[in-house]
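Single-letter residue listing:
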Amino acid sequence: NVWSLAKEKELQNLKSSHTAFLDSHNELTQQLKAREKQVKVRAEKNSEEVTRITEEIQSAQAENEERQEAVKMLPRELAELDQRLAQEKEHVAMASRKLESTDQTSQHKQ
């Protein structure tokens, strides 16, 4: 009977230890699930941030390409403006000479 009581006590201790182990296991499993959820949320936020930054980079690259094309056009546009300016100067010079000629003719007639 003493042996039976000792075995019963040993069984109770084993059950108690097993229950404590299961409680600990359940708590750690819940912590792990909560941590996995946090990591998943953080990964989704990071993915969204990467997508946003990638879109910004692509937009900046497109804008940069447009500006590079505009810069390539500037020398030609400048040359055209220089040519128009030279033509305008020539027109002004011709008009000025005509005025001088007209003034001289008017002065000779007087």
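See above for the structure.
Note that the structure is predicted; figures quoted are calculated from it, not measured. (Residues numbered from 1 in each chain as written. Predicted model: local features only at pLDDT ≥ 70, side-chain atom pairs only at ≥ 80, totals over all residues. Heavy atoms only, no water.)

1. A word on the overall build of the protein chain
Move 1: Secondary structure assignment for the protein chain yields 1 helix and 0 strands.
Move 2: Overall, the C-alpha framework of the protein chain stretches about 155 × 25 × 10 Å when taken along its three principal axes.
Move 3: Buried positions account for 0% of the 110 residues belonging to the protein chain.
Move 4: Only carbon and sulfur atoms are counted for the fraction: they give 55% of the accessible area of the protein chain, which is about 10500 Å².
Move 5: If the 18 positive side-chain charges of the protein chain are averaged to one point and the 21 negative ones to another, these points end up 5 Å apart. (Helix = DSSP H or I, 4+ residues; strand = E, 2+ residues; numbered from the N terminus. Buried < 20%, exposed > 50% of the residue type's maximum accessible area, 1.4 Å probe, protein only. Areas by Shrake-Rupley, 256 points an atom, 1.4 Å probe, with all protein chains shown as cover. Lys, Arg positive; Asp, Glu negative; His and termini not counted. Charge placed at Lys NZ, Arg CZ, Asp CG, Glu CD.)

2. Side note on the pattern of salt bridges
Move 1: Summed over all chains, the structure comprises 7 salt bridges.
Move 2: With a closest N to O distance of 2.5 Å, Arg 52 and Glu 49 form a salt bridge. In this pair, Arg 52 and Glu 49 both sit in helix α1 (residues 2-109), 3 residues apart, roughly one turn of the helix.
Move 3: In this structure Glu 49 comes out as partly exposed when scored by relative accessible area, which is 37%.
Move 4: Close ionic contact of Glu 56 with Arg 52 constitutes a salt bridge, the shortest N to O distance being 2.3 Å. In this pair, Glu 56 and Arg 52 are both assigned in helix α1, 4 residues apart and thus about one turn of the helix distant.
Move 5: The class of Glu 56 is partly exposed, set by a relative accessible area of 44%.
Move 6: Through salt bridges with shared partners, a single network forms among Glu 49, Arg 52 and Glu 56. (Salt bridge = Lys/Arg side-chain N within 4 Å of Asp/Glu carboxyl O.)

3. Section: the environment of Lys 45
Move 1: Its location among the elements puts Lys 45 in helix α1.
Move 2: The spacing of Lys 45 and Glu 69 is 24 residues in sequence and 36 Å in space, taken between C-alpha atoms.

4. Things to note about α1
Move 1: Look at α1: 155 Å from first C-alpha to last across 108 residues, which is about the 160 Å you get at 1.5 Å a residue.
Move 2: The axis of α1 is deflected most strongly, by about 30 degrees, at Leu 74, and proline Pro 75 appears within four residues downstream. (Expected span 1.5 Å × (residues − 1). Bend = angle between axes of the 7 residues up to and from the residue.)

Function cannot be inferred from these measures alone, as they are strictly geometric.
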